[in-house]
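Reading the structure
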Amino acid sequence: MTTADEYAPSTTGWVRRQVERYESTGGREGNKVTGRPIVVITSRGAKSGKLRKNPVMRVEHDGVYAAVGSYGGAVKNPAWVGNFLADPHVQLQDGPEPAAYVARLASGDERAMWWERAVAAFPTYAAYQRKTKRDIPVFILERE
């Protein structure tokens, strides 16, 4: 990803405003959703090729992050899940500067471990999983 890549702000108002506030203050403001810390993840749109930015609950352990595709327990995944699968090279901003990461879909015991960490960070994930029949995807993000 480069600064020359075209950015397409979210059409969802609260997402767009959250990202703008977070980025404009270097993460000092706009860094929480429902009282819980977030990070901003930039991915490349699987269909458009444009950069997309999403606030995602902060789930971190020893410098490795998880991104949980809960979409509030909806029947489908959020669009960024498809973006990660199409191009796993993302940027994650946890504070003033973004850094390059590679995302991969977790499975088995690793997914179970990260799911526990995710629920500890944001307990509502458990309710979201009960609300949907799909297995909520958990991506592991490691520095490039």
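Whatever comes next refers back to the structure up there.
Residues numbered from 1 in each chain as written. Predicted model: local features only at pLDDT ≥ 70, side-chain atom pairs only at ≥ 80, totals over all residues. Heavy atoms only, no water.

**Overview of the overall build of the protein chain**
Broken down by element type, the protein chain carries four helices and eight strands. In the protein chain, the order of α-helices and β-strands from amino to carboxyl end is α-β-β-β-β-β-α-β-β-α-α-β. Taken over C-alpha atoms, the radius of gyration comes to 14 Å for the protein chain, in line with the 15 Å a tight globule of 144 residues would show. Taking the principal axes of the C-alpha coordinates as reference, the protein chain spans close to 40 × 30 × 30 Å. (Helix = DSSP H or I, 4+ residues; strand = E, 2+ residues; numbered from the N terminus. Rg over C-alpha atoms; globule rule 2.2 N^0.38 Å.)

**A few points about helix H1 (residues 13–24)**
For H1, which comprises twelve residues, the first-to-last C-alpha distance of 16 Å matches the rise-based estimate of 16 Å (1.5 Å per residue) to within 8%. Within the sequence span of H1, burial applies to Val15, Gln18, Val19 and Tyr22. Each buried residue of H1 lies within a common arc of 95° when the element is viewed along its axis, so the set occupies one face. Opposite its buried face, H1 presents the exposed residues Arg17 and Ser24, each directed more than 90 degrees away. Elements in contact with the buried residues of H1: strand E1 (32–33), strand E2 (36–44), strand E3 (51–57) and strand E6 (89–93). (Expected span 1.5 Å × (residues − 1). Buried < 20%, exposed > 50% of the residue type's maximum accessible area, 1.4 Å probe, protein only. Arc of directions from axis to C-beta. Contact = heavy atoms within 4.5 Å.)

**Points about the environment of asparagine 83**
Structurally, asparagine 83 can be placed in helix H2 (residues 79–86). Under the relative-accessibility criterion, asparagine 83 is labelled buried at 7%. Apart from residues no more than four positions distant in its own chain, asparagine 83 is found in contact with Ser43, Arg44, Gly45, Ala46 and Arg52.

**Some remarks on the pairing of strand E7 (residues 98–105)**
Direction of pairing for E6 relative to E7: antiparallel, over a ladder of five bridges. Following the sheet pairing, glutamine 91 is matched in E7 by alanine 100. Bridge analysis of E7 against strand E8 (residues 138–143) gives five bridges, and the strand direction is antiparallel. Across the sheet, tyrosine 101 pairs through a bridge with arginine 143, a residue of E8. (Pairing = 2+ DSSP bridges.)

**Some words on the pairing of E2**
When E1 meets E2, the two strands line up antiparallel, connected through two bridges. Paired with lysine 32 across the bridge in E2 is proline 37. Sheet topology places E2 next to E3; seven bridges connect them, and they run antiparallel. Residue pairing for E3: serine 43 is matched across the bridge by arginine 52. Counted along the chain from E2 to the antiparallel partner E3, the turn is six residues long, and its residue glycine 49 has a positive phi close to 80°.

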